[in-house]
Amino acid sequence: MTQTTFTALGLSEPLLRALDAKKFEIPTPIQADTIPALLANKDLLGVAQTGSGKTAAFTLPILQHLAAQQIRPAPFVARALILAPTRELALQIDETVRALSINLRLRTVVIIGGASRFKQVEAMRRGADIVIGTPGRVCDLMQTRELVLGAVSQFVLDEADRMLDLGFIKDIRRIVAALPPHRQSCLFSATMPAEVASLANSLLRDPIRVEIARKEETAPKIEQFVHHLAQSGKQSLLLSMLQEEALSRVIVFTRTKHGANKVASVLENAGIQVNAIHGNKSQPQREKALRDFRSGRARVLVATDIAARGIDVTGISHVINFDLPVEAESYVHRIGRTARAGAAGIAISFCDPSERPVLRQIERQMNYTIEVVGDAPPPMTHQPKRPGAPGQAQRRRYNDRGGNRGMRSAA
Ligand code: AMP
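Residues numbered from 1 in each chain as written. Predicted model: local features only at pLDDT ≥ 70, side-chain atom pairs only at ≥ 80, totals over all residues. Heavy atoms only, no water.

Another point: the pattern of salt bridges. Enumeration according to the criterion identifies 22 salt bridges in this entry. Arg 162 is paired through a salt bridge with Asp 165; the nearest N and O atoms lie 3.5 Å apart. Of this pair, Arg 162 and Asp 165 both sit in helix α7 (residues 160-165), 3 residues apart, which is roughly one turn of the helix. For Asp 165, a relative accessible area of 53% gives the class exposed. Here Asp 292 makes a salt bridge to Arg 297, at a shortest N to O gap of 2.9 Å. Since its relative accessible area comes to 5%, Asp 292 is described here as buried. (Salt bridge = Lys/Arg side-chain N within 4 Å of Asp/Glu carboxyl O. Helix = DSSP H or I, 4+ residues; strand = E, 2+ residues; numbered from the N terminus. Buried < 20%, exposed > 50% of the residue type's maximum accessible area, 1.4 Å probe, protein only.)

Written as structure tokens, this is what we have:
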């Protein structure tokens, strides 16, 4: 664990004051590893997830470079560009940028789909020191010359693996082609499949590579449980679990938008404050859902994977996988919503018989066996009954960690 300070990393006084105000006292490992290199103008390949502190890691050096140059951007011109795969992540990055640039005179403009294009163009009329955007809308404004990228000196591509999953590769290539060759670039990705490595190769010049190991970060802090049951029993199990006050701020993941709406309406009918967030919701609806969830007005947020990607809400007590994700990779992203920035958290998965192959794949990939708290699945082949095999008598409660996790029937 690095024990350096933000001062020792070479950050300027206005940034140190902003960090102080935000109560960021000690740099996270990725911040300690990347900030000095970025201040020295190196390109960066960061293998890290949301939760590592990567946003401040790339934002602080960008702010310091931009402030040092003292240039006013011309109309429609951006000096720095940060690309994120989803609107929510773009808005979260914007929050961090605004908080950390509070003592600097820098203009930030957010350019995302689902929000007023007109207002974004109006904002660009005065130029922007920093544009934070999603690829589709950024390309759109580029085409009409209402966003000019020829003077970008700092470029960040965040969550590159997700960008590719969402089919943004063509947009990204068009955007990169509009950037000047002399620039500083950072690429962050939670995973490094061949396509991301090849994209990184084409974007970065002699980058430093910083990797924050996922297992060390997530495994010890998140307690994971699985409950085996039939699909038809999931709603009542969820309702009965939510009787527990300890489930104070809960994200429930479903596989489909339709499933998210259904679960949300069941909870709403039971008098639980809940919102759903998925691709069919408008941008204002998504923002309201996140606001309500952050403020505690809604206790439960029901989400699909894409909508939840990158959501940074502190104090999430439980992540419930109402359905297991189709891809094992998404499981790690989902449970990473809890246990942010050092806090502990609990993840509970509902697994019906058809989901068992995915569960096995998840466990293989994490090299970790998730504890069974509900009924164990019947053995695949006939085995004599062992005393003490997990079952009804061993159900547990999910509300107190460490000590008495003793059981109460929830089905
Ligand atoms: P990120 O990975 O950028 O999404 O950051 C994850 C969370 O950690 C956010 O809630 C940040 O506000 C918080 N965070 C980032 N850096 C620090 C730090 N040095 N000290 C405390 N919290 C931090």
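The rest of the description comes next.
If a strand is regular, its side chains alternate between the two faces of the sheet. Side chains Thr 108 and Val 110 of strand β3 (residues 108-111) all project onto a buried face; the interleaved residues Val 109 and Ile 111 project onto the opposite face, where all are buried too. One ladder, built from 4 bridges, connects β3 with strand β4 (residues 128-133); its direction is parallel. Within the sheet, the bridge partner assigned to Thr 108 lies in β4 and is Ile 130. Once the chain exits β3 it traverses helix α5 (residues 117-124) before rejoining the sheet at β4, and the crossover so formed is right-handed. (Pairing = 2+ DSSP bridges. Right-handed = clockwise from strand over helix to strand, strands pointing away.)

Helix α3 (residues 54-69) packs onto helix α2 (residues 29-39) with a crossing angle of 25° between their chain directions and a minimal axis gap of 9 Å. Here α3 runs roughly parallel to α2, going by the angle between their axes. Relative to α3, the crossing made by α2 is right-handed. Here α2 contributes Ile 30, Gln 31, Thr 34, Ile 35, Leu 38 and Leu 39 to the contact with α3, which in turn contributes Lys 54, Ala 56, Ala 57, Phe 58, Leu 60, Pro 61, Gln 64 and His 65. The residue makeup of the contact of α2 with α3, split by class, is 9 nonpolar, 4 polar and 1 charged. (Axes fitted to C-alpha atoms, helices over the stretch in contact; angles between N-to-C directions. Parallel < 35°, antiparallel > 145°, perpendicular 65-115°, else oblique. Left-handed = near helix turned anticlockwise from the far one by under 90°. Contact = heavy atoms within 4.5 Å. Nonpolar A, V, L, I, M, F, W, Y, C, P; charged D, E, K, R; others polar.)

Quick look at helix α16 (residues 356-366) now. Considered for burial, the residues of α16 that qualify are Arg 356, Val 358, Leu 359, Ile 362, Glu 363 and Met 366. Looking straight down α16, one finds its buried side chains confined to an arc of 160°; they lie on one side. Downstream of α16 by one or two residues, Asn 367 has phi in the positive range, about 55°. (Arc of directions from axis to C-beta.)

Let's shift gears to the sheet that holds strand β7 (residues 208-211). Strand pairing in a sheet takes place through backbone hydrogen bonds and is either antiparallel or parallel in direction. Strand order in the open sheet made by the 7 strands is β3-β4-β2-β5-β6-β1-β7, with parallel pairing throughout. Every other strand in the sheet has two partners, leaving β3 and β7 as the edge strands with one partner each. This sheet shows a mean twist of 15° between the axes of neighbouring strands, independent of strand direction. Relative to strand β6 (residues 184-189), strand β5 (residues 154-157) runs parallel, the two being bridged by 4 bridges. Each bridged residue has a counterpart across the sheet, and for Gln 154 the counterpart in β6 is Gln 184.

On to the site of the ligand, then. Neighbouring the ligand are 14 residues; Ile 26, Gln 31, Gly 51, Gly 53 and Thr 55 lie closest to it. One of the side-chain N or O atoms of Gln 31 is found 2.8 Å from a nitrogen atom in the ligand. A distance of 2.6 Å separates an oxygen atom of the ligand from a polar atom in the side chain of Thr 55. Expressed as a share of its isolated accessible area of 500 Å², the protein-covered part of the ligand is 82%. Here the residues of the shell around the ligand are counted per class, giving 4 nonpolar, 7 polar and 3 charged. Split by domain, the residues of the shell around the ligand number at least three in each of domain 1 (7-211) and domain 2 (222-401). (Near = heavy atom within 4 Å. Polar contact = N/O pair within 3.5 Å; in protein donor to acceptor, adjacent residues only side chain to side chain. Areas by Shrake-Rupley, 256 points an atom, 1.4 Å probe, with all protein chains shown as cover. Domains from an automatic or database assignment.)

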